[in-house]
Amino acid sequence: MEIPYYPGCTLKTTAKNFDDSAFAVYKKLGIELKELPRWNCCGTVYSLTSDDLMHHLAPIRNLIRVEEQGADQVVTLCSMCYNTLAQSNLRIQQNEEERDKLNEFMYKEKVKYDGKVKVLHGLTVLRDMVGYDKIKSQIKKPLDGLKVAAYYGCLLLRPKEVCIDDPESPTIMEDLIRTTGAEAVPFPYANECCCSYETVSNKDIVIERTRMITQSAQAYGADVIITSCPLCEFNLDNRQKEVRKKYPDHVDIPVLYYTQLLGKALGLPLKSLRFDLNYINPRELFK
Amino acid sequence: MSNEKSVMERIAEANKPVTAGVDEKDIKHWVTIRIMGKAYRVPSDLTILTAMEFAGYRFVRGVGCRQGFCGACGTVYRKEGEYKLKTGLACQTRVEDGMYLVQIPFSPAQKAIYDIKKERYNVSTILKYYPEVAKCVSCNTCTKACPQDIEVMDYVQAALRGNYEKVAETSFDCIRCGLCAMRCPAEIVQYDIGQLGRRMYGRYGMDKPDHLKIRLKELEEKKFDPELDKLEKATKEELVKFYAAREREKD
Ligand code: SF4
Ligand code: SF4
Ligand code: FES
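Residues numbered from 1 in each chain as written. Chains lettered and ligands numbered in written order. Predicted model: local features only at pLDDT ≥ 70, side-chain atom pairs only at ≥ 80, totals over all residues. Heavy atoms only, no water.

J.: Just give me the short version of the site of ligand 2, but keep the residues and values in it.
T.: Around ligand 2, the surrounding shell holds 14 residues, and the nearest of these are Cys136, Cys139, Asn140, Cys142 and Cys184 of chain B. Put simply, the parts of the chain that give the shell around ligand 2 at least two residues each are helix 4 (141-145) and helix 5 (152-160) of chain B. (Near = heavy atom within 4 Å. Helix = DSSP H or I, 4+ residues; strand = E, 2+ residues; numbered from the N terminus.)

J.: Mind laying out the environment of Val119 of chain A, listing which residues take part and the relevant values?
T.: All names here are of chain A. Tracing the chain through its elements places Val119 in strand 4 (residues 118-121). By relative accessible area, which is 14% here, Val119 ends up buried. Spatially, the C-alpha atoms of Val119 and Leu85 are 6.9 Å apart, while their sequence positions differ by 34 residues. Apart from residues lying up to four places away in sequence, Val119 is in contact with Leu63, Val74, Tyr82, Leu85, Ala86 and Asn89. (Buried < 20%, exposed > 50% of the residue type's maximum accessible area, 1.4 Å probe, protein only. Contact = heavy atoms within 4.5 Å.)

J.: An account of helix 11 (residues 230-237) of chain A is requested, with residue identities and associated values reported.
T.: Within helix 11 of chain A, seven of the eight residues are buried, leaving the element largely enclosed by the surrounding structure. Inspection of helix 11 of chain A places Pro230, Leu231, Cys232, Glu233, Asn235, Leu236 and Asp237 of chain A among the buried residues, and these make up the whole buried set.

J.: I'd like a description of the site of ligand 1, backed by residues and values.
T.: Taken together, the residues surrounding ligand 1 are Cys146, Pro147, Gln148, Val152, Tyr155, Cys174, Ile175, Arg176, Cys177, Gly178, Cys180 and Tyr191 of chain B. Here the residues of the shell around ligand 1 sort into nine nonpolar, two polar and one charged. (Nonpolar A, V, L, I, M, F, W, Y, C, P; charged D, E, K, R; others polar.)

J.: Which residues make up the sheet that holds strand 1 (residues 2-6) of chain A, and what values do they have?
T.: Residue and element names in this part refer to chain A. Pairing in this open sheet of four strands is parallel, and the strands run 2-1-3-4 from one edge to the other. Two strands close off the open sheet at either side, each with one partner strand: strand 2 (32-35) and strand 4. Here the average twist between neighbouring strands, direction ignored, is 45°. Bridge count between strand 1 and strand 2: four bridges; the pairing is parallel. What sits directly across from Ile3, in strand 2, is Leu33. (Pairing = 2+ DSSP bridges. Axes fitted to C-alpha atoms, helices over the stretch in contact; angles between N-to-C directions.)

J.: I'd love a proper account of the sheet that holds strand 7 (residues 224-227) of chain A, names of residues and values included.
T.: Residue and element names in this part refer to chain A. Spatial ordering of the open sheet is given by 6-5-7-8, a layout of four strands whose pairing is parallel. Edge positions in the sheet fall to strand 6 (183-184) and strand 8 (255-257), since each of these pairs with one other strand and no more. Examined bridge by bridge, strand 5 (residues 147-150) and strand 7 share three bridges and lie parallel to one another. Among the inter-strand pairings, Ala150 is bridged to a residue of strand 7, identified as Ile226.

J.: Quick rundown of the pairing of strand 4 (residues 86-89) of chain B? Include the residues and the values.
T.: Residues and elements named next belong to chain B. Pairing between strand 3 (residues 74-79) and strand 4: four bridges, direction antiparallel. Among the inter-strand pairings, Thr75 is bridged to a residue of strand 4, identified as Gly88. Hairpin connection between strand 3 and strand 4: a loop of six residues separates the two successive antiparallel strands, and Gly81 in this loop has a positive phi of roughly 80°.

Pasting the structure below:
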């Protein structure tokens, strides 16, 4: 089965390991991620300002690109892209006046967007379209004994209108972890913000958050953390370097995209999972 | 010397306003355009550029090739009764009745200085020199403004994800007229990004063509040195003779 795929800028640049591993994993599970031939930045952050329509052009234009393919759904993997696309879509579905304004502004587009495209996240595709039983049946290298903490962050869960699971106690990633034979270890900071773009201008606050989140996961026994957001991944993974500098007793914990973990259990070649691009080397985990 | 006209003479001729040497009473079709607000009646088969000259403007800057290649003659206009702001090259756009126009022959920009040999072939180079590219809101205004029909937004977006091949291919026909940059709400200078993209792709992305490899090898083997020596040692009279007998394409 083919699904139109919106990668987003980060998966084509610094999160190539997410893009490559996802491509291999979904393919193995019978889903062809078909990258849209034309797309633009998702807009990065959903604009909350009530009269700021300009920032909804980018997400809505991408949904027009989906319709141009004759499709009515699109899957994306980056939590941020998902959140921005899904929220703008919802806004346009609920507000006819804004929808007309945006369409009028984009008068060069052949498609007038009516809000019909469904925005899916890669995790719900695994749960709802592939099914955990099927995944389980395809596991070649069960990750027995591995303890995995699922880090959701904010953007998969909030606001609840676009949440991919229960906004307070999600289990979608834990359920996925269990299909691989690994043990899912819940931890209290799974839904806490990593402080996102503060990483550019206010690195210190991110260092503190990263320390709190990674150490909490370790305290609950985790060997590795998984996520679906390139910015969370960067903060939790790369920023451990600064955590270590500030707190010499810090012990590193690898951070992976959920697709990398799943790919490993599916027995996919290491090359396609691109562990070389993760900052903390996760290869030790699988020895 | 033949009696045929030289290339330069022929270009000059082709560029003469169609009205040159024609008595005004013989011109049948006239339109009214407004240049910076002032109305002028001009023959309807002129371009904006020749119409402005007809109206008495003399260009020292803001014109170059007169052929749609140099990008010096960017113009914005509106037509009476239409709200849309249009853009075009003055030398390529025919006047229409009711045009209100002004030329934007120059667009100020901060062009980055870089040593292409020292840059990394990934998105970081774009972001280092033109970080504002990340502010693109995908409004597509640049594309609407482009007189070359380039998908300008698409190459800006390709730059944002470090896809130099796409930047180079999409921006290839850019003539740096600057109209896109003048319209961009994110204050991006698209044409400079396109140029950096083409240079990066040329240096790091493209396959080296076979003929280049062959020619480099020939140079290393000093294949052309004897001919160069011959030229270096030639007298002026000999050089004139060589020049007249040179291999050349037909005009
Ligand atoms: S891309 Fe911009 S500078 Fe280049 S030709 Fe088009 S409008 Fe002019
Ligand atoms: S005009 Fe500027 S902001 Fe709009 S699409 Fe073009 S580059 Fe992006
Ligand atoms: S004068 Fe060169 S493009 Fe118009």
